[in-house]
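Next come the chains, spelled out residue by residue.
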Amino acid sequence: MNPKVTRRRFIKGVVASGAAATTTGMWYAANGQNRPSGAVERLIRINVNGQLRSVDVAPQETLASTLRYKLGLTGTKLGCNRGECGACTVLVDDVATYACSVLTHSMKNALIETVEGLESPNGDLHPVQQAFVEELSPQCGYCTPGQVMAAVALLRENPNPTREEARHAMSGNICRCGSYDSYLDGVMRAAQLG
Amino acid sequence: MAYMHIGKDFVPPDVPGKVTGRIKYAEDYTREGMVYSRLLTSPIPHARVLDIDASEALAMDGVFGILTADDVYPDGEPQSTGLKILTNEPTLVGEPILAVAAIDEKTAETAISRINVTFERLPFVLDPLDSLAEGGANAYPGDQNTFVFRQGFATEKWTEDQVASFRAGNEPTGEPQQTWSLGDLEAGFAASEFVYETTFTTAGYPHHSMEPRSAMAYWEDGKLYLHGTSQSLTALADGMAPIIGVPKKDIVFINAATGGGFGQRARANSIPSMAIPAKMSQKINRPVMMRITREEEFTIGGARQGFQGWIKVGFKPDGVMSACDLYIISDNGGKGGGGDASSAADCIDVLYQPDALRFRGTSIGSNTGHRGAQRGPGQNQIAPIIAPILDKAADALGISRLEIRKINAPHNGDVAGPRQTPFTSAYVPESLDLATQQFDWEGRQARRRQRKGSKVIGLGLGQGYHNAGRSGMDGIVTMGTDGRLKIHNGVGNLGTYSYASTSRAAAEVLKMPWENCDVLNVRTDNHLPITSPQDGSNSIFTNTRTMFGAATDMLNKMKQIAANDLGGDPADYDVSNERVHQIADESVGYTYADIARRAMELGGKYTGEADLPDELAEWTQISVSRLAGSAFMGVYHDARHEGNPPGFTVTCCEIELDLETGKYAILDMVTIADSGTIVHPQGMENQLVGGAVWGIGLAGYERHVYDPQNGLPASTGYWQSKVPTYLDTPVKIGTGWVDLPDPENPVGARGIGEPSMGAVSAALAAAITDALGGHHFASAPITADMIINHLAGTEENAVPLAQNNFRG
Ligand code: FES
Ligand code: FES
């Protein structure tokens, strides 16, 4: 290769499908601001935390983008935006789901629950949230909403898990602070709180 | 000592916000008129930017501006190590070259795709030893491969034979850049009954904090408002102001919470990317949000230094470590690194107190992720290398593995390190006893190396150390006429809760119920004092001192006012139940609300308008001057302490290693700490289990991998790196602590965040070695591939001592 290359030529020639391309190319593909010129966007209604919300959704828009950037539900976090960490976990029809890895357009008939929807109308914390406070489960807290949602999904399906079962059920959620032990303490306490 | 708050659990004020998702991280903010910035990053590992043609991009609708290295460094890029804000000479793939701001990210990305950057490709290198060899490529600007303090970039070369000999397992013969020694090394080895010598590697790997370092900035009335992600609060703003070029009085850093920080978010110079939205916002006069992707976080988020080393250790017949000789080539990555290698030697000296020790080290760059402090930088890399060597010595000398550690353990009054600094206190034998008792170490010895089918049991004992405390910072507390105590705390919120737990030292002094205290942190315009950055496990020690001091200043002022007004001497007064009162007659006194009112009537030194400590930092002076006259105030500047406040940990673990797959399960693990008085037990436990998970990653999983052909990183995500998950860690980690007070801290506390990792990685490496009948990989990580290749008698694929590549 010519030692003097332009960035464009280089990317085309060498790494068009490689890591460098994903670095710059991934973000807007998933992002709610994506407005391909001339494309017609659709106003759809999705059920989030029991409320029907009308929202203007681009074709490749992920649920995480819609929740965070269109609906202002920033409790759902983005850690990787590529299905590796679980920070974006929400419930879709009671199933723990990576919101960064599903398209909002596929959510039209689904019941979506985010961390913002867990508290009771009088402001009481959900038992999982309460247990996580009592056990001081979070450290930095960035993975916490995802851990909360994964725990809620587990306890709905299995209200009395063993620690081993809980560990497997939660294993789609990474915690870089390494607070796994404290989250498991929280899940076990939440099971007791009912 | 009976405390009201110290040693008791409490709910830190930010926890409810974390479980409800209400607490805001940098990317959760928005601002009227906010636009979006995206980065053009280097696609090649080493290059020089010859030309940037952005005319087409800048002509696009919705594009507001471009920021290049020439904008942010009008006088030229600093010729020093460390990440730049933007650069014209990238030395790693993914390094930011320029930023574009636009109405939305799609437009910004499209604009970036229309920018023509002409690069001159420069030779690159991924393994420091390849660069060290004569004729090898050099990673740094000016065709250099190292950096010499106060001298600048330089080049270090060995002959090809010298490098080959080192790779072949021999003692390095090249001249080291740095060396220090203690005692008579030759005599130490001469007195040795058992001598062990090996080369070793420890891998570099990224921090991968869960929150990417997104940032948002805007300017209002001449002030910069910066939302970012940092371990520190005032220390970050204090260092970021000169990087951006704004007076300290005109920067407001806002950071309610940070999604993880393990060294590379503590100081402004490790997060220069935060200056991009600040500078862009200044240029285009709009609020600018810069969201960072996981891949970008990998690149600019920093990484641990990898080691290519050689170690020789001698033990006397009685088990005393008589000599240790250590030579480390540290991988400085693309932008320069830290002092990990010397800290590794220091750690050996601290933990095992050898009669003689020599450290030699050389740092060499590679065109890989930039390096800097990562949880226990140096101390933790060496922990999993040295632990199996102690076990080998114990076995050879017929001493138990516990006993050899006790024989060599540091005690109260001992000294260590190049300057032979005394410990402020040290209770390692006590920690070893507590850990082994809690784990039933002796009782489990019968299980050692027992085999069931393809599975074999391994037992490991490990130790960790990091110095854990600083001093010389400032403290501020205030009280208004409502009688509530406001604790102005500049400690960052990185997830340790030390911003809250150190505040409790102030509540303790004034015997104030916690519910009547307000911790002011979150944003620097809450008039916060300067603190040391939240790194190096220092916050608990450093800031309980300042908080205690500020509250003591307020207490003394309370007593002075009461004595003046109500008679007697200040010494005749004490506080209880939110009153300052005479000791002899508790009915004579003031409520806290009344004393605050009196203080404000009196003004002067009582309200921060006079008689301030001379040595207050500029940052604290600004905060105090803004508060002056508005509230009853306690202000304190902390004197320097003597000695090294250490944090120590001991870990015992049992693993079951599958000889068919090379994988192992951690059946049980106990970690015990010696970190002085425990201020916040739940927070302490979190540091111990969190450090354990990091230790598991260091010992078994995490490493950089680069494509040797193009220098592209292949471990940008969590999976490839690989960060431990729930299933890589034990079902339950046992924890405990010695809980003996340190005399240099007013509440007896020292830190723990870093050593908690080292002991676990050491115990695991020892357990793996044990399960494999003593085979010492002398490597971190030890991956399943390496284990299976060893068992199959297959040679490793990589060249010996490879860095930034798979071993296995
Ligand atoms: S952000 Fe969705 S899995 Fe990481
Ligand atoms: S608490 Fe920090 S990533 Fe889990």
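Asks: A description of the overall build of chain A should follow, citing residues and the corresponding values.
Replies: Counting secondary structure elements, chain A contains seven helices and six strands. Reading the secondary structure of chain A in the N-to-C direction produces β-α-α-β-β-α-β-β-β-α-α-α-α. Per-residue burial over chain A gives 58% buried out of 194 residues. Pairs at least 24 residues apart make up 57% of the contacts formed inside chain A by residues separated by at least 6 positions. Roughly 7500 Å² of accessible area belongs to chain A as shown, and the carbon and sulfur atoms make up 50% of that amount.

Asks: Describe the overall build of chain B, listing the residues and the values that go with them.
Replies: For chain B, the helix and strand inventory stands at 24 helices and 31 strands. Compactness check: chain B gives a C-alpha radius of gyration of 27 Å against a globular reference of 28 Å for 808 residues, within 12% of the reference. If one aligns the C-alpha atoms of chain B with their principal axes, the spans along those axes are about 85 × 75 × 50 Å. Each of the 808 residues in chain B was classed as buried or not, and the buried ones make up 67%. The long-range share in chain B, meaning contacts at least 24 apart out of those at least 6 apart in sequence, stands at 79%. Accessible surface for chain B amounts to roughly 25000 Å². Of this, 47% is attributable to carbon and sulfur atoms. If the 66 positive side-chain charges of chain B are averaged to one point and the 97 negative ones to another, these points end up 3 Å apart.

Asks: How would you explain the sheet that holds strand S19 (residues 451-452) of chain B if you had to name every residue and give the values?
Replies: All names here are of chain B. Spatial strand order, S19-S20-S28-S29-S30: five strands in an open sheet with mixed pairing. Looking at which strands have only one partner, the edges of the open sheet turn out to be S19 and strand S30 (734-737). Across two bridges, the pairing between S19 and strand S20 (residues 455-467) is antiparallel. The partner of Arg451 across the bridge, within S20, is Val456.

Asks: Report on the interface of chain A and chain B, specifying residues and quantitative values.
Replies: The interface of chain A with chain B comprises 75 residues on the first partner and 82 residues on the second. In this structure, the connection of chain A to chain B is made through eight salt bridges. For Asp185(A), the salt bridge identified is with Lys732(B), shortest N-O distance 3.1 Å. The interface formed by chain A and chain B includes 34 residue pairs in polar contact (both at pLDDT 80 or more). At the level of secondary structure, the elements contributing two or more residues to the side of chain A that touches chain B comprise strand S1 (4-6), helix H1 (7-13), helix H2 (19-30), helix H3 (63-70), helix H4 (127-134), helix H5 (144-157), helix H6 (163-169) and helix H7 (180-193) of chain A.

Asks: Account for the domain arrangement of chain A, naming residues and giving values.
Replies: Residues and elements named next belong to chain A. Domains assigned within chain A are domain 1 (39-117) and domain 2 (127-193). The interface is formed by 17 residues belonging to domain 1 together with 13 residues belonging to domain 2. In this assembly, domain 1 packs against domain 2 so that about 1200 Å² is buried in total across both faces, 58% of it on carbon and sulfur atoms. Viewed at the interface, domain 2 and domain 1 are joined by two salt bridges. Linking Arg156 and Asp94 is a salt bridge whose minimum nitrogen-to-oxygen distance equals 2.6 Å. When contributions to the side of domain 1 that touches domain 2 are tallied by element, the ones reaching two or more residues are strand S4 (89-92) and strand S5 (95-98). Take the side of domain 1 that touches domain 2: its biggest share by element is three residues, from S4.

Asks: An account of the pairing of strand S29 (residues 664-674) of chain B is needed here, citing residue identities and associated values.
Replies: Residues and elements named next belong to chain B. Burial within S29 is extensive, with eight of its 11 residues counted as buried. Here strand S28 (residues 646-658) hands over to S29 after five residues, with Gly662 in that stretch at a positive phi of 80 degrees. Both S29 and S30 contribute to a ladder of four bridges, which runs parallel. Paired with Ile672 across the two strands is Gly736, which belongs to S30.

Asks: Outline the nonpolar core, supporting the account with residue identities and numerical values.
Replies: Residue and element names in this part refer to chain B. Counting 102 residues, the largest nonpolar core has Met479, Leu485, Leu510, Met558 and Phe632 as the members making the most contacts within it. Apart from residues lying up to four places away in sequence, Leu510 is in contact with Leu485, Ala551, Met554, Leu555, Met558, Val575 and Tyr592. Leu182, Val313, Ala344 and Tyr465 belong to the second largest nonpolar core, which has 54 residues in total.

Asks: Now, about the environment of Gln144(B): what can you tell me, with residues and values included?
Replies: All names here are of chain B. Positionally, Gln144 belongs in the loop between helix H5 (128-132) and strand S6 (146-148). Residues Gln144 and Leu224, 80 residues apart in the sequence, show an inter-C-alpha distance of 37 Å. A distance of 2.6 Å separates polar atoms of two side chains, one belonging to Gln144 and the other to Thr155.

Asks: Which residues make up the environment of Met684(B), and what values go with them?
Replies: All names here are of chain B. Following the sequence through the fold, Met684 ends up in helix H21 (residues 681-700). In sequence terms Met684 and Gly33 are 651 residues apart; their C-alpha atoms lie 43 Å from each other. Each residue touching Met684, except ones within four places of it in the same chain, is listed here: Ala673, Ser675, Ile678, Trp737 and Ile752.

Asks: Describe in detail the sheet that holds strand S3 (residues 51-57) of chain A, supporting the description with residues and values.
Replies: All names here are of chain A. The five strands lie next to each other as S3-S2-S6-S4-S5, forming an open sheet whose pairing is mixed. Every other strand in the sheet has two partners, leaving S3 and S5 as the edge strands with one partner each. Averaged over all adjacent pairs, the angle separating strand axes in this sheet is 45 degrees, with direction ignored. Pairing of strand S2 (residues 42-48) with strand S6 (residues 111-113) involves two bridges; the strand directions are parallel. Paired with Val48 across the bridge in S6 is Ile112. Running at roughly 100 degrees to S3, H3 makes contact with S2, S3, S4 and S6 of the sheet. Running over the sheet, H5 touches S4, S5 and S6 and is turned about 35 degrees from S4.

Asks: Tell me what's going on with the environment of Val650(B), and back it up with residues and numbers.
Replies: All names here are of chain B. Checked against the element boundaries, Val650 lands in strand S28. Sequence separation between Val650 and Gln463 is 187 residues, and the spatial gap between their C-alpha atoms is 4.5 Å. Sequence-distant contacts of Val650, defined by excluding residues within four places in its chain, comprise Ser431, Leu432, Ala435, Leu461, Gly462, Gln463, Val670, Thr671, Ile672 and Ala759.

Asks: Quick rundown of the pairing of S3(A)? Include the residues and the values.
Replies: Strand residues, when the strand is regular, have side chains that alternate between the two faces of the sheet. Residues and elements named next belong to chain A. Relative to S3, S2 is paired through seven bridges, and the arrangement is antiparallel. Counted as the bridge partner of Arg45 is Ser54 from S3. Taking the residues that link successive antiparallel strands as the turn, the S2-S3 hairpin has two residues, and the phi of Asn49 there is positive, at about 50 degrees.

Asks: Describe the domain arrangement of chain B, and please don't skip the residues or the numbers.
Replies: Residues and elements named next belong to chain B. In terms of domain boundaries, chain B breaks down into domain 1 (384-469 + 643-792) and domain 2 (471-637). Once you take the C-alpha centre of each, domain 1 and domain 2 turn out to be 40 Å apart. The partner domain 2 presents 14 residues to the 21 residues of domain 1 that form the contact. Note on domain 1 versus domain 2: buried area summed over both sides is about 1300 Å², and carbon and sulfur give 65% of it. Broken down residue by residue, the surface that domain 1 buries against domain 2 is led by Gly469, Val679 and Pro746, which jointly contribute 31%. The interface formed by domain 1 and domain 2 holds zero salt bridges in total. The tally of links from domain 1 across to domain 2 stands at five residue pairs in polar contact (both at pLDDT 80 or more). Listed by contribution, the elements that provide at least two residues to the side of domain 1 that touches domain 2 are S20 and H21. Partitioned by chemical class, the residues of the side of domain 1 that touches domain 2 number eight nonpolar, nine polar and four charged.

Asks: Describe the packing of helix H11 (residues 340-352) of chain B against helix H12 (residues 379-397) of chain B, naming the residues involved and giving the relevant values.
Replies: All names here are of chain B. For the pair H11 and H12, the least separation of the axes is 8 Å and the interaxial angle reads 45 degrees. The pairing of H11 with H12 is recorded here as oblique in orientation. For the pair H11 and H12, the crossing hand works out as right-handed. Every residue of H12 that contacts H11 at Asp340, Ser343, Ala344, Cys347, Ile348 and Tyr352 is listed here: Gln379, Gln381, Ile382, Ile386 and Leu390.

Asks: Lay out the pattern of salt bridges with the relevant residues and their values.
Replies: All names here are of chain B. Within the structure shown, the criterion is met by 66 salt bridges over all chains. Between Glu220 and Arg31 there is a salt bridge whose closest N-O contact spans 2.7 Å. Taken together, the residues span a long stretch of sequence, with Glu220 in strand S10 (residues 215-220) and Arg31 in the loop between helix H1 (15-20) and strand S1 (35-41) at a distance of 189 residues. Look at Glu220 and you get partly exposed, because its relative accessible area is 34%. Since its relative accessible area comes to 31%, Arg31 is described here as partly exposed. Overlapping salt bridges bring together Asp391, Asp395, Arg401, Arg405, Arg448, Arg449 and Asp770 as one network.

Cut-offs and rules
- Residues numbered from 1 in each chain as written.
- Chains lettered and ligands numbered in written order.
- Predicted model: local features only at pLDDT ≥ 70, side-chain atom pairs only at ≥ 80, totals over all residues.
- Heavy atoms only, no water.
- Helix = DSSP H or I, 4+ residues; strand = E, 2+ residues; numbered from the N terminus.
- Buried < 20%, exposed > 50% of the residue type's maximum accessible area, 1.4 Å probe, protein only.
- Contact = heavy atoms within 4.5 Å.
- Areas by Shrake-Rupley, 256 points an atom, 1.4 Å probe, with all protein chains shown as cover.
- Rg over C-alpha atoms; globule rule 2.2 N^0.38 Å.
- Lys, Arg positive; Asp, Glu negative; His and termini not counted.
- Charge placed at Lys NZ, Arg CZ, Asp CG, Glu CD.
- Pairing = 2+ DSSP bridges.
- Salt bridge = Lys/Arg side-chain N within 4 Å of Asp/Glu carboxyl O.
- Polar contact = N/O pair within 3.5 Å; in protein donor to acceptor, adjacent residues only side chain to side chain.
- Domains from an automatic or database assignment.
- Buried area = accessible area lost by both parts, 1.4 Å probe.
- Core = buried A, V, L, I, M, F, W, Y, C linked by side-chain atoms within 4.5 Å.
- Axes fitted to C-alpha atoms, helices over the stretch in contact; angles between N-to-C directions.
- Nonpolar A, V, L, I, M, F, W, Y, C, P; charged D, E, K, R; others polar.
- Parallel < 35°, antiparallel > 145°, perpendicular 65-115°, else oblique.
- Left-handed = near helix turned anticlockwise from the far one by under 90°.

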